[in-house]
Amino acid sequence: MRSLLSFSEKLKKKMRIGFDNDKYCTIQSQHIRERIAQFDGKLYLELGGKLFDDHHASRVLPGFQPDSKLRMFSQLADSIEIVIVISAEDIERNKVRADLGITYDEDVLRLRGEFMERGFFVGSVVITHYNGQPSAKAYSERLANMGIKSYFHYLIDGYPHNVALIASDEGFGKNDYVETSRELVIVTAPGPGSGKMAVCLSQLYNENKRGVRAGYAKFETFPVWNLPLKHPVNIAYEAATADLNDVNMIDPFHFDAYGKVAINYNRDIEIYPVLNALFEGIYGENPYKSPTDMGVNMVGNCICDDEVCCQASKEEIVRRYYEATNKQVEGASNQAEINKILLLFNQAKITTDTRRCTVAAKERQKERGCASSAIELSDGTIICSNSSELLGCSAALILNATKYLAGIDHDVKLIPQSMIEPIQKTKTEYLGGKNPRLHTDEVLVALSVLSDTDDNCKKALEQLPNLRGCQVHSTVMLSEVDRKIFKKLGIGVSCEPVKKK
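On a predicted model such as this, the values are computed, not experimentally measured, just so you know.

### Looking at the side chain of Gln28
Along the chain, the position of Gln28 falls in helix α2 (residues 21-38). Among the polar contacts listed, one links the side chain of Gln28 to the backbone oxygen of Val296, at a separation of 2.2 Å.

If you want it as structure tokens, here you go:
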């Protein structure tokens, strides 16, 4: 399925942008500065979501850069101190980050290194939910040997509802006071359930005892509070958190206080009465009239083309559906997650055909009778491929797409068969592999080897950055190798829930 427009005409077209990233970095940092000024020059900012690679935001808000939050915080770097939180319970059970395949305790060290490499000051690590777990104690000693400060925050009976105990010397008062030196303290963690909010509130209590009226705010990108409840961007957030069963809701506290509709999600709304009581217990009053008030999210003010963001969000909902069905094929018991996303299909008025590359891949398979894939390039062009005796459909797709972008005729063979066959022999005869077809990584290595002597291969390789942000669909589930390559290239992938034969 090729576009009727010529190659030169296609190059003149640009990817439509729906989000003003520069504006976001400017007004978001300004808004945080204003929030710091509301208090005694000390703000604890609970950071939800991903800081380094927010690919969900970049998919639903075309123009949002995956490292936008880092860029924004770089404007405040001299004022920032980072505290990383990890639960003793997660240490005890060796909890693993599914996307990275590493344990939370190792991810703390990874995050610290990433922050420091970018010039941010990481002050300490807080081990929460501590109840004498030997593994947590050993982890604290390991951090000390590395020159990293760590603190313990303890389990509190009845948290978060026993406000009288929590906001007392037997509650937050028992926790180690985390020493910080800068006005903006970002509290982050490897994943949800680590206790970030409790660390912030504990610090407010203990700062207040020391005569400092510190503030608290929450920085989460989604749901976007000033977009409609059923806006596709907000529906896409529900699809992304379908496994947690998060539900977007109109914030009733915000409406009662201001008579204005604002969007939040169920967990923040449910916990607000408790937070309100805790603030009153610490300060005597709550500076926030609603959970929405606690947020510092300016994303909704930076959408410059709503139509583009709506379409991108609808496609993301479809991608999340395929992700959930793939997990089920792999053995996950997640029918409720799939059902939730199908309900969101109805709300967004979409089907799987909303994603153009999905339609193209399935049509290609119907035509050729074998595993197929399709990519939608940033100019809207659809490029297809299918598996052959030499190449898997993903590897062929990379070659076809880069040839198109480089202006190389489709019939040109970048990698000669005489080079592919020895690789296949090594895979099957020497390494015991069952699938002789080349994967994406093997094709890219072959292109790299040939690029020294073949200008076409060099030109094709130079097009790889232009695949970032593109969308791919495969009629069979991809191998782990192919998934990782697409992820490194910044390509959004979905697959039919069908395993390769």
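Picking up where we left off.
### Some points on the pairing of strand β7 (residues 184-188)
Where burial is concerned, most of β7 is hidden: 5 out of the 5 residues are buried. Burial along β7 is two-sided: the face carrying Leu184, Ile186 and Thr188 and the face carrying Val185 and Val187 are both buried. With 4 bridges joining them, strand β1 (residues 43-47) and β7 adopt parallel strand pairing. The residue of β7 that forms the bridge with Glu46 is Val187. The sheet contact formed by strand β2 (residues 80-87) and β7 spans 5 bridges and is parallel. Following the sheet pairing, Ile80 is matched in β7 by Leu184.

### Overview of the nonpolar core
Within the largest apolar cluster, 105 residues are counted, with the highest numbers of intra-cluster contacts made by Leu61 and Phe73. No other element matches the 8 residues that helix α12 (residues 266-283) contributes to this core. Once residues within four sequence positions are removed from consideration, Leu61 is found in contact with Phe19, Phe222, Val233, Val299, Ile303 and Cys309. Among the nonpolar cores identified, the runner-up in size contains 38 residues, and Ile383, Ala395, Phe486 and Val493 belong to it.

### As for helix α18 (residues 417-430)
Spacing of three or four residues puts side chains on the same side of an α-helix, whose turn is 3.6 residues. The terminal C-alpha atoms of α18 lie 19 Å apart, and with 14 residues this matches the ideal 20 Å at 1.5 Å per residue to within 8%. Those residues of α18 lying buried are Ile420, Gln424 and Lys427. In an axial view of α18, the angular spread of the buried residues amounts to 60°, which keeps them on one side of the axis. In this structure, α18 carries Ser418, Glu429 and Tyr430 as exposed residues pointing more than 90 degrees from its buried face. Along its buried surface, α18 packs onto α19 (440-450).

### Side note on the state of the cysteines
Scanning the model with the defined rule gives 0 disulfides in all. No disulfide involves Cys357; its nearest neighbouring cysteine sulfur is the one of Cys384, lying 9.5 Å away. Under the relative-accessibility criterion, Cys357 is labelled buried at 0%. Residue Cys495 stays outside any disulfide, its sulfur separated by 8.6 Å from that of Cys393, the closest cysteine. Given a relative accessible area of 1%, Cys495 falls into the buried group.

### Regarding unusual backbone geometry
Keep in mind that most residues, glycine aside, have a negative phi and that most peptide bonds are trans. The amide bond that connects Tyr159 to the next residue, Pro160, takes the cis arrangement and shows omega of 10°. Relative to the helices and strands, Pro160 resides in the loop between β6 (150-154) and α8 (163-166). Of the consecutive residues Phe222 and Pro223, the connecting peptide bond is found in the cis state with omega at -5°. With respect to the secondary-structure elements, Pro223 resides in the loop between β8 (215-219) and α10 (232-240). Here the phi dihedral of His129 falls at roughly 55°; this positive angle occurs in a residue that is not glycine. A residue is classified by how much of its surface remains accessible, and His129, at 23% relative accessible area, is partly exposed. With phi around 55°, Lys349 is a residue other than glycine that occupies positive phi space. The topology assignment puts Lys349 in the loop between α15 (335-348) and α16 (356-368).

### Digging into α2
Counted at 1.5 Å a residue, the expected span for α2 with its 18 residues is 26 Å, and the 26 Å between its end C-alpha atoms agrees. For α2, the full list of buried residues reads Asn21, Tyr24, Cys25, Ile27, Gln28, Ser29, His31, Ile32, Arg35 and Ile36. Check the buried side of α2 and you find it contacts β1, α4 (68-74), β7, β8 and α13 (291-294). Its side-chain oxygen at 3.3 Å from the backbone nitrogen of Asp22, Asp20 defines the N-terminal cap of α2.

### Looking at the pattern of salt bridges
Scanning the model with the defined rule gives 26 salt bridges in all. The shortest N-O distance in the salt bridge between Glu114 and Arg110 comes to 3.8 Å. Residue Glu114 and its partner Arg110 are located together in helix α6 (residues 104-117), separated by 4 residues, close to a single helical turn. We classify Glu114 as partly exposed; its relative accessible area is 23%.

### Let's talk about the sheet that holds β1
Pairing is parallel across the open sheet formed by 6 strands, whose spatial order is β6-β5-β2-β7-β1-β8. Edge strands, defined here as strands with exactly one partner in the open sheet, are β6 and β8. Each adjacent strand pair in this sheet contributes to an overall mean axis angle of 25°, direction not counted.

### Things to note about the pairing of strand β5 (residues 121-130)
Working note: regular strand, side chains alternate between the two faces of the sheet. Of all 10 residues in β5, 8 are buried, a share of seventy percent or more. Pairing of β2 with β5 involves 7 bridges; the strand directions are parallel. Considered in β5, the bridge of Glu81 is made with Phe121. Where β5 and β6 come together, 4 bridges link them in parallel fashion. Across the sheet, Val125 pairs through a bridge with Ser150, a residue of β6. Read from β5 through helix α7 (residues 134-145) to β6, the crossover connection turns out right-handed.

### Focus on the packing of aromatic side chains
Given two aromatic rings, one states the distance between the centres and the angle between the planes to describe the pair. Tallied over the entire structure, the rule returns 16 aromatic pairs. Here Phe73 and Phe219 contribute two aromatic rings whose centre-to-centre distance is 5.7 Å and whose plane-to-plane angle is 70°, an arrangement assigned as edge-to-face. Residue Phe73 is found in helix α4, and its partner Phe219 is found in strand β8; the two are separated by 146 residues along the sequence. Of the two residues examined, Phe73 and Phe219, each falls in the buried class. An aromatic cluster of at least three residues, connected via ring pairs, comprises Phe39, Tyr216, Phe279, Tyr283 and Tyr288. Seen from the ring of Tyr177, Arg210 lies directly overhead, with NZ or CZ sitting 3.8 Å from the centre. Taking the ring centre of Tyr283 as reference, the NZ or CZ of Arg213 above it sits at 5.5 Å.

Quick notes on the rules
The numbering scheme is per chain: residues are counted from 1 as the chain's sequence reads. Reporting in this predicted model follows two pLDDT cut-offs: at least 70 for local features of residues, and 80 or more for side-chain atom pairs to be given and counted; totals over whole chains, interfaces and linings ignore these cut-offs and use all residues. The side-chain values count all of the structure's non-hydrogen atoms but skip hydrogen atoms and water molecules. Secondary structure counts use DSSP, requiring at least four H or I residues in a row for a helix and at least two E residues in a row for a strand, with both numbered from the N terminus. Pairs of N or O atoms within 3.5 Å make up the polar contacts considered here, provided that, within protein, one atom can donate a hydrogen while the other can accept it, and that residues adjacent in sequence are counted only when both atoms are side-chain atoms. Exposure classes here rest on a 1.4 Å probe applied to the protein chains alone. A residue is buried below 20% of its type maximum, exposed above 50%, and partly exposed in between. Pairing between two strands is assigned when DSSP locates at least 2 bridges connecting them. Only buried residues count toward a nonpolar core. Its members are Ala, Val, Leu, Ile, Met, Phe, Trp, Tyr and Cys residues joined through side-chain atoms within 4.5 Å. We call two residues contacting when some pair of their heavy atoms lies within 4.5 Å. To estimate the expected span of a helix, count its residues, drop one, and scale the result by 1.5 Å. The directions considered for the arc are those from the helix axis to the C-beta atoms. Throughout, disulfides are identified as pairs of cysteine sulfur atoms within 2.5 Å of each other. One speaks of a salt bridge when a side-chain nitrogen belonging to Lys or Arg is within 4 Å of a carboxyl oxygen belonging to Asp or Glu. Helix axes are fitted only over the stretch in contact, all axes being lines through C-alpha atoms; the angle between N-to-C directions runs from 0 to 180 degrees. Assignment of crossover handedness uses the view with strands pointing away from the viewer, where a clockwise path from the first strand over the helix to the second indicates a right-handed crossover. Side-chain rings of Phe, Tyr and Trp (the six-membered ring for Trp) are treated as a pair once their centres are within 6.5 Å; stacked means planes under 30 degrees apart, edge-to-face means over 60, and tilted covers the remaining angles. Only lysine NZ and arginine CZ atoms are considered, and such an atom sits over a ring when it is within 6 Å of the ring centre and within 35 degrees of the ring normal.

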